[in-house]
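# Geometric and topological summary
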Amino acid sequence: MRNNLTQLPLFLLCCLSLWIFFIEMAMSQNTTIPVKVGVVLDMDTWLGKMGLSCITMALSDFYASHGHYKTRLVLEIRDSKRDVVGAAAAALDLLQNEEVQAIIGPASSMQANFVIGLGDKAHVPIISFSATSPSLSSIRSPYFVRATLNDSAQVPAIRAIVQAFGWRQVVLIYLDNEYGNGVIPYLTDALQEIDTRISYRSVIHPLATDDQILEELYKLMTMPTRVFIVHMFTPLGPRLFGRANEIGMMEEGFVWILTDGLTDILSTLDPSVIDSMQGVLGVKPHVPRSKELESFKIRWKREIQQEYPTNESFELNIFGLWAYDAASGLAMAVEKLGATNFSFQKSHISRNSTDLDTVGVSLIGPKLLQSLLNTRFRGLSGDFQIVNRQLHSSAFQVVNVIRKGERGVGFWTPENGTVRKLDSTSKPNLGTIVWPGESPSVPKGWVLPTNEKKLRIGVPVGQGYSEFVKVTRDPSSNTTEVTGFSIAVFDAAMVALPYVVPYEYIPFEGPDGKQAGDYNDLIYQVYLQKYDAVVGDTTILANRSLYVDFTLPYTDSGLSMVVPTIDKRKKNAWVFLKPLTWDLWVTSFCFFVFTGFVIWVLEHRVNKDFRGPRSHQVGTIFWFSFSTLVFTQKERIVSNLARIVMIIWFFVVLILTQSYTASLASMLTVQQLNPTITDINELIKKGEPVGCQNDSFVCEFLIESMKFDESKLVKYESPEELDELFSNKSSKGGIAAAFDEIPYMKIFLAKYCSKYTAVGPTYKFDGFGFVFPKGSPLVADVSREVLNVTEGAKMLQFEKAWFGQTPSCPELTSSVSSNSIGLNSFWGLFLIAGVASCVALTTCITMFLYENRDILINLNPSSSIWGKIKAMATRFEDKDLRSHTFRNSDLSSNRPMHPHILFEYELANINHEQTRCHAP
């Protein structure tokens, strides 16, 4: 008992120690480290109020779910008062007096330009959730973090929309400030990549009055372009659409595309503004739906209504979500650093120091920046990930303003482009769009200018080839009629357009009624805007396409040379040799002789028709082989090997004789027009005069590209004048050859095809096309209709109407080739005949040597090779009495055999039996 009493104080002391320990542990866990963070916003704007409320709720939600974290962000709020200097002063105050470790804000890109420099000096991260101007990226400050999307991120989505609908011209309407100008270079480059031209830039001052806005809109109405890309925010954006609706620019035919500056706040706009924006397209960052987002919207709506009960139009947008995620990300980044020294290093202050020199340097700034850049999480706006010091973009949503709000019609992603649904592998497209004026059809994007009634179409008035363009004047009525092949094609294409384009033809002529210049001068008038287009026989050239656009060609392309021809038909005594080339003649002769020799070898011992005196046998070889040309040979063929050879040879002879006959008949009956000159270099070397059409680029091409002497060029106006120049010949002021484009040459040769022909290489050009101003939206539509005309039956009707029935003239070719048949056409046949003859000859000789090998065996071993050959040749000269041809003819006769013949016959049988017995 006494021992227990003595241990009681010790027990109480242990309990007291444990109690003190647990209290200290609890107190240590409740101790947090405050970290000051500045907030610089325009507090009298909706963006500032919404941003601050979202930042406050973000920190409250973050620490409520992470109560065990040791750090706590403490907000130091400053009002920038919508002023650049105010934002800079607020940031300087936070850095000097509060020594904040980070600044969230400012709201605008112009304010951020000044604040970024202060953050860089103090090593304090500047985190903006609303400064979207791309120009801020060029500052390259390591301490500026854009927790929002760069305005340039939406440019590919806008480009994809323009490209999807094929609009070739657009007008940019944007604010004349840092926000408006920042994205324009990116839009310009992106649209140039898809060959879409920015026809006009409408720059509107942020403080522009309604009258100034109307003046700019009226100017846009006089232009042909009807696709407008608007890059601005409130309050100017809603005012712009209100005025546009008043003057009828929201009717059918117009296209309006919004950047995210207005698209993000569509839900906050007044219903009257939405009514004036019906049919507008817009792009905005895609925010994936989530339970957390829906819950936050409800809580935020409740809190904002409690704080501002008199204003019912407050709506949460993407900037609020970015402010929420930015605050959450900063809280995570600070917590990762743990309990560290959140203090400033004071700078040395001298007597002459300014306020900027008094700003200290954050000791934890570089680590905090790196921690923030490495922070990744799933936020309310989607995946929060900083790449290249700005929020990484994933997808944009395309919306259409319909009735009382917006409706999603698709998405754009870097991987799939424009799609109707995300994660879709279907063909890129968008949903149904209701365009301005409640039109379901896609606007073409342009109209004729309202200040001009008709398109002015310039046409040439040259008198040369009037088949293409013919200008006829009626003095009595003082009217001008323009007709021709080119006019017919253009009229057919314009009529086929899905819209009406009024136009009139204006001859390109001077006071004297003649053409006012060459074709280059005519085309240049389009560049000078004196003509809206040029229709005629205008060639598509690279240097011309630098300042005008051409439609697709509607005629053949190329440049060729035309020379006189000489008919050499039946004027050569040796024309019968022309059908075959010399190598085919020699090869045929050799094969005739070789085949006759093979047949003689195969038939000599078994066929009496191939026996007799040697001279008779040689004659038989030649006679038999060449008589196969007309199939009149009288000699019988008894050997099967010879029959096989003859079957193949008859086929070769048949093909050869038929080809020869056809070629010779063609030479004797078809007109053989041989050109007088085939080599262009020969013309240049001899200095022969050549012709080219007046006012054509061909003359310049001959001088600069083909190095012809300019003094040797003779210009002509019409086909008749060209024929006259050829008739005079070069020695009498004429020409030896002429160069012109294929469409002209076809007309010329159609009239004089018996006298001239086209030779030499064809130099590639793109043919005739219609001329329009650079970037004209008509080019694509007219080109499409030109294709339809040239591929249809109308083209044949136009050619027949203006070029008439073309006689059967030789086609324009790039070279003159001989009609003679060469060995290349028959070497396969000769190969088959040669192989068959060699195989038959080898088989026959092998069988002969084997059957008569006893001669070699019985010869004196010391006999020479020549002696052996002579012995075998002697035996080869003898008849093969075992052959049925000799045997049947002697045994079947009634007269008795001569004893000598009977002896040879019996001896042959004995030798044959011995051969059989000794055969292996």
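Structure's up top.
Since the model is a prediction, treat every value here as computed from it, not as a measurement. (Residues numbered from 1 in each chain as written. Predicted model: local features only at pLDDT ≥ 70, side-chain atom pairs only at ≥ 80, totals over all residues. Heavy atoms only, no water.)

### A closer look at the packing of aromatic side chains
- One pass over the full model with this rule turns up 45 aromatic pairs.
- On the basis of an interplanar angle of 65° and a centroid distance of 5.7 Å, the ring pair of F701 and Y763 is categorised as edge-to-face. One end of the pair, F701, is in helix α21 (residues 697–704); the other, Y763, is in strand β30 (residues 756–763), with 62 residues separating them in the sequence.
- Y763 gets classed as partly exposed once you look at its relative accessible area, which sits at 25%.
- Both rings, one in F748 and one in Y756, keep their centres 5.1 Å apart while their planes meet at 35°; by these two values the pair is tilted.
- For Y756, a relative accessible area of 4% puts it in the buried group.
- Cluster of aromatic residues (ring-pair linked, three or more members): Y465, F468, F485, F490, Y503, Y505, Y554, Y744, F768, F770 and F803.
- Stacked on the ring of W446, the Lys or Arg K444 has its end atom at 5.5 Å from the ring centre. (Phe/Tyr/Trp six-rings, centres within 6.5 Å; stacked < 30°, edge-to-face > 60°. Helix = DSSP H or I, 4+ residues; strand = E, 2+ residues; numbered from the N terminus. Buried < 20%, exposed > 50% of the residue type's maximum accessible area, 1.4 Å probe, protein only. Lys NZ or Arg CZ within 6 Å of the ring centre and 35° of its normal.)

### Quick look at the nonpolar core
- Counting residues in each nonpolar core, the largest one holds 83 residues, and the members touching the most others are L73, I229, I257, F296, W300 and L330.
- Counting residues per element, this core draws most heavily on helix α13 (residues 318–337), at 12 residues.
- Once residues within four sequence positions are removed from consideration, I229 is found in contact with I158, V162, V170, V171, L172, I173, L187, L191 and I257.
- Formed by 50 residues, the second largest nonpolar core is a distinct cluster that contains A488, F748, Y756 and M795. (Core = buried A, V, L, I, M, F, W, Y, C linked by side-chain atoms within 4.5 Å. Contact = heavy atoms within 4.5 Å.)

### With respect to the sheet that holds strand β6 (residues 169–175)
- In spatial order, the strands read β7-β6-β8-β9-β10-β16-β17-β18; together these 8 strands make up an open sheet with mixed pairing. Edge strands, defined here as strands with exactly one partner in the open sheet, are β7 (197–204) and β18 (417–419). Ignoring strand direction, the axes of neighbouring strands in this sheet form an average angle of 25°.
- Relative to strand β10 (residues 281–285), strand β9 (residues 255–258) is paired through 2 bridges, and the arrangement is parallel. Looking at β10, one finds that I257 is bridged to L281.
- Most of the contacts of helix α8 (residues 210–221) go to β7, to which it runs at about 165°, and overall it touches β6, β7, β8 (227–231) and β9. (Pairing = 2+ DSSP bridges. Axes fitted to C-alpha atoms, helices over the stretch in contact; angles between N-to-C directions.)

### Regarding the layout of surface pockets
- Roughly 1100 Å³ of internal volume is contained in the largest pocket.
- Taken together, 36 residues make up the lining of the largest pocket; nearest its centre are T45, L47, F233, T234 and P235.
- Only α2 (46–65), α4 (109–122), α9 (236–246) and α10 (260–263) provide two or more residues apiece to the lining of the largest pocket.
- Of the residues in the lining of the largest pocket, the class split is 18 nonpolar, 11 polar and 7 charged. (1 Å grid on protein atoms, 1.4 Å probe; cavity = no way out; pocket = protein on both sides within 12 Å on 5 of 7 lines; lining within 4 Å. Points joined across faces, edges and corners; volume = space filled by probe spheres on them. Nonpolar A, V, L, I, M, F, W, Y, C, P; charged D, E, K, R; others polar.)

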